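If you want the building blocks of each chain, they are given just below.
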Amino acid sequence: MHEPGTVAAATATPLGEEPLGEENEPLSGGLKQRHLTMLGLGGVIGAGLFVGSGAGIAVAGPGIVVSYLIAGALAMCVMRMLGEMSAAMPASGSFSVHAERALGRWAGFSVGWLYWFLLVVVLAVEATGAAQIANGWAPGVPQWAWVLIFMLVFTGANLAAVKNFGEFEFWFATLKVFAIVAFLVLGLLAVFGVLPDTDPVGLTHLTGDGGFLPHGWSGVISGVLAVVFAFGGLEVVTIAAAESEDPVRSVARAVRSAVYRILFFYVGSMLIIVTVLPWTAQKAGISPYVTVLDSIGVPSAGTIMNIVVFVALLSALNANLYGSSRMVFSLAERGEAPRPLLKVSRGGVPRRAVLASVAFGFVSVVLNLKWPDSVFLYMLNSVGAVLLFVWALIAVSQLRLRRRIEREAPERLVLRMWAFPYLTWAALVAMAVVLGLMVTDDGARPQLLWSAGATGLVLAIAGLREWRQRRV
């Protein structure tokens, strides 16, 4: 652990030049196993599920269950790949470090900065969304004031100690998981007609109203495009693992416990939603969870779900601030970001990295509040498909590093990717298919093009840096 004002040493390890080694992390080890476990479970349960799933149901009908199975299977594979590499080589930069070791400095630079940019832009959406809900509860406090309050609270929590981040996320994730489990239980009771004033519904709503696939398989594919990005967030647990008491065991346990349960929560809740009510009963702008809870007589369902969505947004805000600060700190460790960001507090917190991330987050929030349909929309589109590019680099890195770990340090493979290398290749093909489908989708195409432009720019900068370094 570093004293105040000291600087961590760069730890770049070019592929093939040095044997695999432990990351000498100067950050705090304040995260406990329960923090990582709940972060793994709750990290991907956000507003995209509670609210955004309605768009998927509109295009896929009951087939949204299949859409979530496909998207969830892809996310599970990515999480397993991440878990394998992070358990073998825990590092605060996670997949950015892995990409550098597998493919070279250009890859670590590119994926690290793309992911950082993704987090600080999405952070603005989450802060604004939470502020809109809070403003509805307390109209006397303007929306910008709520944004300021949230940003200051979570900045303070992240500056103080990593255990504060862990505690916030533990309780946020606990509430989200409890909300999902309660919904599943109530939904099952409604399906079997156990609740008051309910009759067993059987498979009526799954087979009626146009059938299970009212819009055919094209509807299912459109559903995948609508929901796949809701699984973003699972990456943070592998970033956080580097600051846990036992990184190797902690990340392995967190991934194992989360991977099936996440799929169960997503697919299970979607199955309940389209079984309890006809898919045509869902209304635009209203959470399908609220519609179902209202139909089975849960009082104040809208208010309850508003609270859950509010917590989900704050949880994502907190996690994204944490993840972005650790990513830019790791980039600085490897000489890919300004060295002043390497300052670490006595408690092992990279405070300058936190402040740099939240500063850009504030800029994003201002742009979202002032120009949501112009400047900020372009920024949001520019990160719309970045998650898939990041996932693709994770898969390619795992393909390269798995062989190297087996050769140099096989004892580190405490968590293995399923059916390697076939399932990794299958995941890469699936990502390519999703990107290809985005080209043909009028709504998704702008996001893909802007994201491709942002990715191309970062890759060009990375290439220029490599060229200049070789000339020196």
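Residues numbered from 1 in each chain as written. Predicted model: local features only at pLDDT ≥ 70, side-chain atom pairs only at ≥ 80, totals over all residues. Heavy atoms only, no water.

Focus: the packing of aromatic side chains
Right, on to step 1. Evaluated as defined, the whole model comprises 19 aromatic pairs.
Right, on to step 2. In textbook terms, an aromatic cluster arises when at least three aromatic residues are bridged by ring pairs, as seen for Trp113, Trp116, Phe117 and Phe360.
Right, on to step 3. Above the ring of Phe170, the side-chain terminus of Arg34 is found at 4.7 Å from the ring centroid. (Phe/Tyr/Trp six-rings, centres within 6.5 Å; stacked < 30°, edge-to-face > 60°. Lys NZ or Arg CZ within 6 Å of the ring centre and 35° of its normal.)

Focus on the environment of Leu119
Right, on to step 1. As for its placement among the helices and strands, Leu119 is situated in helix H6 (residues 105-137).
Right, on to step 2. Residues Leu119 and Leu317 lie 198 residues apart in sequence; the distance between their C-alpha atoms is 8.9 Å.
Right, on to step 3. Other than its neighbours up to four places away in sequence, Leu119 contacts Asn320, Gly323 and Ser324. (Helix = DSSP H or I, 4+ residues; strand = E, 2+ residues; numbered from the N terminus. Contact = heavy atoms within 4.5 Å.)

A closer look at the confidence of the model for the protein chain
Right, on to step 1. Residues at a pLDDT of 70 or more form 94% of the protein chain, whose mean pLDDT is 86.
Right, on to step 2. Of the regions scoring below 50 in pLDDT, residues 1-19 engages in 45 contacts with residues more than four places distant in sequence or in other chains. (pLDDT = per-residue confidence, 0-100.)

What about the packing of H6 against helix H15 (residues 351-370)?
Think of two packed helices as two axes; the pair is described by the angle between the axes and how far apart they sit.
Right, on to step 1. One way to put it is that H6 packs onto H15 with a least axis distance of 8 Å and a crossing angle of 50°. Relative to H15, H6 is oriented oblique. In terms of crossing hand, the pair formed by H6 and H15 is right-handed. Between H6 and H15, the contacting residues are Trp116, Phe117, Val120, Val121, Leu123, Ala124, Val125, Ala127 and Thr128 on the first element and Ala356, Ser357, Phe360, Gly361, Ser364, Val365, Asn368 and Leu369 on the second. (Axes fitted to C-alpha atoms, helices over the stretch in contact; angles between N-to-C directions. Parallel < 35°, antiparallel > 145°, perpendicular 65-115°, else oblique. Left-handed = near helix turned anticlockwise from the far one by under 90°.)

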